[in-house]
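For reference, the chains in residue letters:
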Amino acid sequence: MADQAEESTGEKDALLRITQGLRRVDVGTYALRIRLAEKLGIGTIDINAMAFVGEVDGMTPKALGNLLNITTGSVTAMVDRLESKGFMIRKPNPTDRRSVLLHLSPAGTHAMQWATEHFAEAAAAVLQGAPEASISDVAGFLEGIGQRLLAAASAPEQPRR
């Protein structure tokens, strides 16, 4: 019985460390996006838009607005800004002639790679010397967390009991 209680406490402590670690990654990501936005002369919401479009190439402005929780007019103004600065491109939607699809330009892709390189350097430093299987486990874990968080962000709110 005591072993189960210790194991449960150990699991709770480990889960708390994981949760705190993910929160630090979130804060670090936000700080890095602020720095990138300043470097590019754009706003942080613009960087967030570029990150979403970089993740889902060919996203509609409506889908982007839903993800960012901003109005259609705000999306249009933001895409105009990003397009004029050379970071985003609008292309006709082949399935709906009234709509466009959003893509990162080469400059936009390059800007997002800057952030990716910082992530890669941080991960390499932390994982230096770790066994390859462990690295694969960490990658799978993080991918799973990311997928579940994106799903939770788009799911209807469920009442808590």
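Look up a bit, the structure's there.
Predicted model, so just to flag it, every value in this text is computed and none were measured.

Thresholds applied
- Residues numbered from 1 in each chain as written.
- Predicted model: local features only at pLDDT ≥ 70, side-chain atom pairs only at ≥ 80, totals over all residues.
- Heavy atoms only, no water.
- Helix = DSSP H or I, 4+ residues; strand = E, 2+ residues; numbered from the N terminus.
- Rg over C-alpha atoms; globule rule 2.2 N^0.38 Å.
- Buried < 20%, exposed > 50% of the residue type's maximum accessible area, 1.4 Å probe, protein only.
- Contact = heavy atoms within 4.5 Å.
- Areas by Shrake-Rupley, 256 points an atom, 1.4 Å probe, with all protein chains shown as cover.
- Lys, Arg positive; Asp, Glu negative; His and termini not counted.
- Charge placed at Lys NZ, Arg CZ, Asp CG, Glu CD.
- 1 Å grid on protein atoms, 1.4 Å probe; cavity = no way out; pocket = protein on both sides within 12 Å on 5 of 7 lines; lining within 4 Å.
- Points joined across faces, edges and corners; volume = space filled by probe spheres on them.
- Salt bridge = Lys/Arg side-chain N within 4 Å of Asp/Glu carboxyl O.
- Polar contact = N/O pair within 3.5 Å; in protein donor to acceptor, adjacent residues only side chain to side chain.
- Core = buried A, V, L, I, M, F, W, Y, C linked by side-chain atoms within 4.5 Å.

Enquirer: Go over the overall build of the chain, please, and point to the residues and values.
Expert: If you tally the helices and strands in the chain, you get 6 helices and 2 strands. Listing every helix and strand of the chain by position from the N terminus yields α-α-α-α-β-β-α-α. Taking 2.2 N^0.38 as the reference for a compact globule, 161 residues should give roughly 15 Å; the C-alpha atoms of the chain span a radius of gyration of 20 Å, well beyond that estimate. By its C-alpha atoms, the chain is 65 × 40 × 30 Å across when sized along the principal axes. Every one of the 161 residues in the chain was classed for burial, and the buried ones make up 20%. A sequence separation of at least 24 residues applies to 47% of the contacts in the chain between residues at least 6 apart. Just so you have it, the chain exposes about 11800 Å², and 57% of that area is on carbon and sulfur atoms. If the 17 positive side-chain charges of the chain are averaged to one point and the 19 negative ones to another, these points end up 10 Å apart.

Enquirer: Got a sec to walk through the layout of surface pockets? Specific residues and values, please.
Expert: One number sums up the size of the largest pocket: a volume of about 2400 Å³. Val25, Thr29, Phe119, Leu142 and Gly146 are, among the 49 residues lining the largest pocket, the residues nearest its centre. Of all the secondary-structure elements, those providing two or more residues to the lining of the largest pocket are α1 (2–40), α2 (44–55), α5 (106–127) and α6 (132–154). No other element matches the 15 residues that α6 contributes to the lining of the largest pocket.

Enquirer: Give a detailed account of the pattern of salt bridges, specifying residues and quantitative values.
Expert: On inspection of all chains with the given rule, the structure shows 4 salt bridges. Linking Arg81 and Asp46 is a salt bridge whose minimum nitrogen-to-oxygen distance equals 2.8 Å. A residue pair is termed long-range when its members are at least 10 positions apart, and Arg81 in helix α4 (residues 72–84) and Asp46 in helix α2 qualify at 35 residues. Residues Arg98 and Asp96 are paired through a salt bridge, measuring 3.2 Å at the closest nitrogen-oxygen approach. Take Asp96: its relative accessible area is 25%, and that puts it in the partly exposed class. Linked through salt bridges whose partners overlap, the residues forming this network are Asp80, Glu83 and Arg90.

Enquirer: Break down the side chain of Asp46 for me, with residues and values.
Expert: Judged by its relative accessible area of 3%, Asp46 is buried. Among the polar contacts made by the side chain of Asp46, one reaches the side chain of Arg81 at a distance of 2.8 Å. Dropping the residues within four chain positions of it, Asp46 is found in contact with Met78, Arg81 and Leu82.

Enquirer: Any chance you could break down the nonpolar core for me, citing the residues and the numbers?
Expert: Ile42, Met50, Val53, Leu64, Leu82 and Met88 are the most contacted members of the largest nonpolar core, which has 24 residues in total. Going through the elements one at a time, α1, α2, α3 (61–68), α4, β2 (100–104) and α5 are the ones with two or more residues in this core. It is α2 that contributes the most residues to this core, 5 residues altogether.

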